[in-house]
Amino acid sequence: MSEEDIFHNAVRSALEKEGWIITHDPLFIKVEELDFFIDLAGEKILAAEKDGFKIAVEIKSFIGASDLASFYIALGQFLSYRSALRKKQPNRILYLAINQDVYNDFFSYRFIKELIAEHQLKLLIFDAIQEGILLWKE
């Protein structure tokens, strides 16, 4: 079962419940000859802003053999996607979406927290069962 099958719809539903309009599923970005596919992109129109607030979300399940190996992949993708977004859609903010169990367990290690801070990862923590967003971590 792919990661999309596990959490994709839950995260999409959670974003829509909070008023996000999903504009891309997935978001395709081309930089030179490289193709990037970020899981979701959304927009929320705020009363005070003409253009609204735009996000991109990469969803990770951490279902592999090792949480550390899954983190390596997630970190590499996040950094690559963020750089691609800066070139092509600099007004869109990238978030890494992770389930609350992964956040409470693996992401509680001090070293992982230090890596998140060092690389300025923005996290979206969700509840897959309730299809809700629990925390936006800047």
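Before any of the text, the structure's been laid out above.
The following refers to the structure shown.

About the thresholds
Residues numbered from 1 in each chain as written. Predicted model: local features only at pLDDT ≥ 70, side-chain atom pairs only at ≥ 80, totals over all residues. Heavy atoms only, no water. Buried < 20%, exposed > 50% of the residue type's maximum accessible area, 1.4 Å probe, protein only. Helix = DSSP H or I, 4+ residues; strand = E, 2+ residues; numbered from the N terminus. Pairing = 2+ DSSP bridges. Core = buried A, V, L, I, M, F, W, Y, C linked by side-chain atoms within 4.5 Å. Contact = heavy atoms within 4.5 Å. Right-handed = clockwise from strand over helix to strand, strands pointing away. Salt bridge = Lys/Arg side-chain N within 4 Å of Asp/Glu carboxyl O.

Moving on, we come to the pairing of strand 2 (residues 27–31). Covered by surrounding structure in strand 2 are Leu 27, Ile 29 and Val 31 only, the residues Phe 28 and Lys 30 on the alternate face being uncovered. Bridge count between strand 2 and strand 3 (residues 34–38): five bridges; the pairing is antiparallel. Bridging across to strand 3, Phe 28 finds its partner in Phe 37. Taking the residues that link successive antiparallel strands as the turn, the strand 2-strand 3 hairpin has two residues, and the phi of Glu 32 there is positive, at about 55°.

With that out of the way, let us pick up unusual backbone geometry. For the peptide bond that leads from Asp 25 to Pro 26, omega is 5°, which places it in the cis range. Locating Pro 26 in the fold gives a position in the loop between strand 1 (21–24) and strand 2. Positive phi values are uncommon outside glycine, yet Glu 32 reaches one of about 55°. Tracing the backbone through its elements, the reader meets Glu 32 in the loop between strand 2 and strand 3.

All right, on to the side chain of Glu 58 then. Within the fold, Glu 58 resides in strand 5 (residues 53–60). Accessibility expressed as a relative area gives 4% for Glu 58, which makes it buried.

Our next topic: the nonpolar core. Membership of the largest hydrophobic core comes to 28 residues, with the highest contact counts inside it found for Ile 29, Ile 38, Phe 62, Phe 71, Phe 107 and Leu 123. Mapped onto this core, the elements with two or more residues apiece are strand 2, strand 3, helix 2 (67–88), strand 6 (92–99), helix 3 (100–105), helix 4 (110–118) and strand 7 (123–127). For this core, the element with the highest residue contribution is helix 2, accounting for seven residues. When residues no more than four places from it in sequence are discounted, the contact partners of Leu 123 are Tyr 95, Leu 96, Tyr 103, Phe 107, Ile 116, Leu 135, Trp 136 and Lys 137.

Most of strand 6 sits inside the fold, with seven of its eight residues counted as buried. Pairing geometry for strand 5 and strand 6, over seven bridges, is parallel. Across the sheet, residue Lys 60 finds its bridge partner in strand 6, namely Ile 98. Of the crossover connections in this fold, the one passing from strand 5 over helix 2 to the parallel strand 6 is right-handed. As paired strands, strand 6 and strand 7 are joined by four bridges and run parallel to one another. Bridge assignment links Ile 98 to a residue of strand 7, and that residue is Ile 125.

A word on the pattern of salt bridges. The full count for this structure, using the stated rule, is five salt bridges. Among the salt bridges present, the one from Glu 16 reaches Arg 12, with a minimum N-O distance of 3.2 Å. Note that Glu 16 and Arg 12 are positioned in helix 1 (residues 3–17) at a spacing of four residues, about one turn of the helix. Judged by its relative accessible area of 39%, Glu 16 is partly exposed. Classification of Arg 12 as partly exposed rests on a relative accessible area of 25%. Two residues, Lys 30 and Asp 35, come together in a salt bridge whose shortest N-O distance is 2.7 Å. Given a relative accessible area of 42%, Asp 35 falls into the partly exposed group. Each of Arg 12, Glu 16 and Asp 25 takes part in a single network of salt bridges with overlapping partners.

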